[in-house]
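# Close look at the chain arrangement
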Amino acid sequence: MACFGDLPLDILPLLVANFSRPVHLAFLCLVNRTFYVFAVSKLYERISIYPWELSVRSRVTKIFRTLARHPNLARLVHRLEIRHFPKGHHDSIYPYEQERRLTQGHNDTFYPYEQIMEWCIKGLENCVQLKSCTWTRDGSLKSVILSSLSKCQDLNDIAINGGHSGNYEPTDLIQLLHLRKISLIMPSRSVLEILPSWLKATGQSLTSLTLNCKANSNIHVTDSLLESMSQYLPQLEHLNLAGCPRVTNSGVWSMIKDNVSNLKGLGLKRLSPAFDMLALSEACSKAGGLTSLLSVTLTTLSKYPTNAWINGILSLLEQSPLEAFQVYASESSQEALADRLCTRIVDQHRGQLVRLSFHRLRLSLDAINYMCLNCNKLEQLFVLINHADAASLVPILAKATQLRTLHINTAGRPPQFTPATCALDIIRQCNATICQIGIGAMVWNVERHVSVVDSIVRVDRCLAEAENPDIPEQFLVIRM
């Protein structure tokens, strides 16, 4: 009699690839030794800890204890995403007593902060193949953690909280060398001052730099600071600046002028009101144009996108093989100008566009219809519409034959509106390609439910909890 173990091993990687939740991968590891070999590497390849997870402190403890005690498992870790970690002895944001009540009966042992830190340091040192590390909770990143990360020879991608005060010395960052990607979240003045020296120490390997400051409050990121860093970025491919009210087009130009033809990603969010988009586009055009730019993220410089700003954007992107266009407005904006921006971007890049995202820029149904008809590669769409237009939107979305990710925000929603019902109506009438959908603050995966009734196989589409750890940035912004 044939059994499951008789199937060829070639199909096991394909089977494991369909699982993303750690708990499901852990179950696969328990099937037998063969399954363990294929599933354990994916289980530990990426470890993520989010602050909204139940019993998050207990999860932090268990993960780093495992990495410290089992080097054979730690060496499988390639990516660490730590968005929660205790700050110290009196971490009151996620007290253990509250977690214990929430877990309703789980008798997890409480460990002091010193013990957790000891496991953390040892665990990081055991992650000898670590390539990427994200550590974002303010006050949780310490000098000893940075020292342990510096020993990871394969580490090339770092995203950390830049609030150093009382946690680490800014000079500790210079231990992290040969990086390809650096992302600083809310960096302090002292961290920014050491940044040129850090970039110089990394050598010429850096290809991506992100400075994400608190909205319009960081006055220390200036044009002169960017100019002082530019000489150490000969291979820059991705530049993202957010919340820097003293950065103008001159500072951005100093950063990209030597990499105009190599730049692949550009993010300019909440910069100086004096930012001249047309001047930046003219400088880029004289240098040959942004001929490699694949992704751009922008915010409008005023309450409404002006014609001058739109013309500057169109000129800047004229020579780019653009695949992703994302724009944010500070306030819900005029439909007519948003429609003009949308249609002009589609006219320029319809053959390459994969992602279109309009936040707080309300679009008409005509503009969305134009996108869905003309962008035959469109896979991700994020839009804001009037709630009254929601029912008429569904047949329009069906025209986007490759659509995989969809998020809809609505203006003027009635109190009785149910996001899940709306999402179900959409996925049951649109193409079967949609695998993730968001309505307002809710996000779901789209799954198929197969049943057999009276010898007839029936396949229904249904909503499930979002499992993929790579939640699109737009969903995270909306949910926070």
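For the structure, see preceding data.
Keep in mind it's a predicted model, so treat the numbers as computed, not measured.

Thresholds applied
- Residues numbered from 1 in each chain as written.
- Predicted model: local features only at pLDDT ≥ 70, side-chain atom pairs only at ≥ 80, totals over all residues.
- Heavy atoms only, no water.
- Salt bridge = Lys/Arg side-chain N within 4 Å of Asp/Glu carboxyl O.
- Helix = DSSP H or I, 4+ residues; strand = E, 2+ residues; numbered from the N terminus.
- Buried < 20%, exposed > 50% of the residue type's maximum accessible area, 1.4 Å probe, protein only.
- Axes fitted to C-alpha atoms, helices over the stretch in contact; angles between N-to-C directions.
- Parallel < 35°, antiparallel > 145°, perpendicular 65-115°, else oblique.
- Left-handed = near helix turned anticlockwise from the far one by under 90°.
- Contact = heavy atoms within 4.5 Å.
- Nonpolar A, V, L, I, M, F, W, Y, C, P; charged D, E, K, R; others polar.
- Polar contact = N/O pair within 3.5 Å; in protein donor to acceptor, adjacent residues only side chain to side chain.
- Patch = residues over 30% accessible without salt bridge, like charges linked within 9 Å, V, L, I, M, F, W, Y side chains within 5 Å.
- Areas by Shrake-Rupley, 256 points an atom, 1.4 Å probe, with all protein chains shown as cover.

### Some remarks on the pattern of salt bridges
Enumeration over the complete set of coordinates arrives at 8 salt bridges. Among the salt bridges present, the one from Lys-181 reaches Asp-157, with a minimum N-O distance of 3.8 Å. Taken together, the residues span a long stretch of sequence, with Lys-181 in strand β5 (residues 181-185) and Asp-157 in strand β4 (residues 157-161) at a distance of 24 residues. With a relative accessible area of 35%, Lys-181 lands in the partly exposed category. One salt bridge in this structure joins Asp-347 and Arg-350, with 2.8 Å as the shortest N-O distance. The class for Asp-347 is partly exposed, based on a relative accessible area of 38%.

### Re the packing of helix α2 (residues 22-29) against helix α3 (residues 33-45)
One can describe the packing of α2 onto α3 by two numbers: an axis separation of 8 Å at closest approach and a directional angle of 155°. On the basis of the axis angle, α2 is roughly antiparallel to α3. Taken as a pair, α2 and α3 cross one another with a handedness that is left-handed. Across the interface between the two elements, Pro-22, Leu-25, Ala-26, Leu-28 and Cys-29 from α2 touch Phe-35, Tyr-36, Ala-39, Val-40, Lys-42 and Leu-43 from α3. Here the residues of the contact of α2 with α3 sort into 10 nonpolar, no polar and 1 charged.

### Remarks on the packing of helix α15 (residues 365-374) against helix α16 (residues 390-397)
The N-to-C vectors of α15 and α16 enclose an angle of 15°; their axes lie 9 Å apart at closest approach. One element, α15, and the other, α16, form an angle in the roughly parallel class. The handedness of the crossing between α15 and α16 comes out as right-handed. Facing Leu-365, Ile-368, Asn-369 and Cys-372 of α15, the residues of α16 in contact are Ser-392, Leu-393, Ile-396 and Leu-397. Of the residues belonging to the contact of α15 with α16, the class tally is 6 nonpolar, 2 polar and no charged.

### Some details on the side chain of Thr-210
Within the fold, Thr-210 resides in strand β6 (residues 208-212). Within the structure, Thr-210 has its side chain in polar contact with the side chain of Asn-240 (distance 3.4 Å). When residues no more than four places from it in sequence are discounted, the contact partners of Thr-210 are Ile-182, Ser-183, Leu-184 and Asn-240.

### Here we look at a nonpolar patch on the surface
Among the surface-exposed residues, Val-450, Val-452, Val-457 and Val-459 lie close enough to one another that they form a single nonpolar patch of about 370 Å² accessible area. Sorting the residues of the nonpolar patch by element identifies β15 (442-453) and β16 (456-465) as the ones contributing at least two each. Among the structural elements, Val-452 can be located in strand β15.

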